[in-house]
Amino acid sequence: MDVWHLIERDHQNIAQLIHDIPNALAGKGIIRSRERLLGDLIDRLEIHADAVHASLYEPLSRTTETRLLVEELQGEHEAFMRPLAGLARSRRKDAHGWLDAFGDATFLVDQHLHRHTHELLPAARRLLSREEVEHATRMFIRGKTRALKSRQQVGPGVTGLGDLVVIGTVGAALGGLALLAWRSGLFGSRDLPNQRYDLSAEAE
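Because the structure is a prediction, the values reported are computed rather than measured.

Thresholds applied
- Residues numbered from 1 in each chain as written.
- Predicted model: local features only at pLDDT ≥ 70, side-chain atom pairs only at ≥ 80, totals over all residues.
- Heavy atoms only, no water.
- Axes fitted to C-alpha atoms, helices over the stretch in contact; angles between N-to-C directions.
- Helix = DSSP H or I, 4+ residues; strand = E, 2+ residues; numbered from the N terminus.
- Parallel < 35°, antiparallel > 145°, perpendicular 65-115°, else oblique.
- Left-handed = near helix turned anticlockwise from the far one by under 90°.
- Contact = heavy atoms within 4.5 Å.
- Nonpolar A, V, L, I, M, F, W, Y, C, P; charged D, E, K, R; others polar.
- Phe/Tyr/Trp six-rings, centres within 6.5 Å; stacked < 30°, edge-to-face > 60°.
- Buried < 20%, exposed > 50% of the residue type's maximum accessible area, 1.4 Å probe, protein only.

This brings us to the packing of helix H1 (residues 3–24) against helix H4 (residues 95–127). Interhelical geometry of H1 versus H4 gives an angle of 165 degrees and a closest axis separation of 11 Å. Accordingly, the angle class assigned to the pair H1 and H4 is roughly antiparallel. For the element pair H1 and H4, the recorded crossing hand is left-handed. Where H1 approaches H4, its residues Trp 4, Ile 7, His 11, Ile 14, Ile 18, Ile 21 and Pro 22 are matched on the opposing element by Trp 98, Leu 99, Phe 102, Thr 106, Val 109, Asp 110, Leu 113, His 116, Thr 117, Leu 121, Ala 124 and Arg 125. The residue inventory of the contact of H1 with H4, partitioned by class, reads 13 nonpolar, four polar and two charged.

Shown next, in the form of structure tokens:
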């Protein structure tokens, strides 16, 4: 699986979560549910941004043809992360108003991912050699692994069930990335992340 498919898969997961959040915000515990789901979305967006930065932004920012595009995309990321972070801090109880603000922010996310698909990726395909694409794939996996590991750290006050679910999800994702890298022959054994996760579930 190369960097193009990895980015496309991230886009699909992010789009699905954006679609699912409004449908999940019903019934009891709405405030807590939306905080957990929004936190998941913010994490996915940040992790994806770290991986794309490491894999494509770095080489394309050194090319005159795509430097401005990379700068614009980085600015767009900041533009939608600010309102999403504000929503994460919000305690407003009116679901309708919250969803309106969420819709405005995620509209920017949709536009950003659309530009990834229709501007960034075509430019990268045109400009990068096969060896550079292979390097970009390695850097995407490494960037995502680093970002996931940074979110795996558990503070002393983390004891809730929801936090344990997040930790387990991060662990599974790290295991999946390690397995993907091994299957793709991208890293030698010494380059693989030092994982303690059971990879057998990922192989099924």
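Glancing now at the packing of aromatic side chains. By the definition in use, this model includes one aromatic pair. A ring pair is formed by Trp 98 and Phe 102, whose centres lie 5.4 Å apart and whose planes are at 10 degrees; its orientation type is stacked. Here Trp 98 and its partner Phe 102 are both found in helix H4, four residues apart, which amounts to about one turn of the helix. The class for Trp 98 is buried, based on a relative accessible area of 1%.

It is worth stressing that arrangement in space is one thing and function is another; only the former is reported here.
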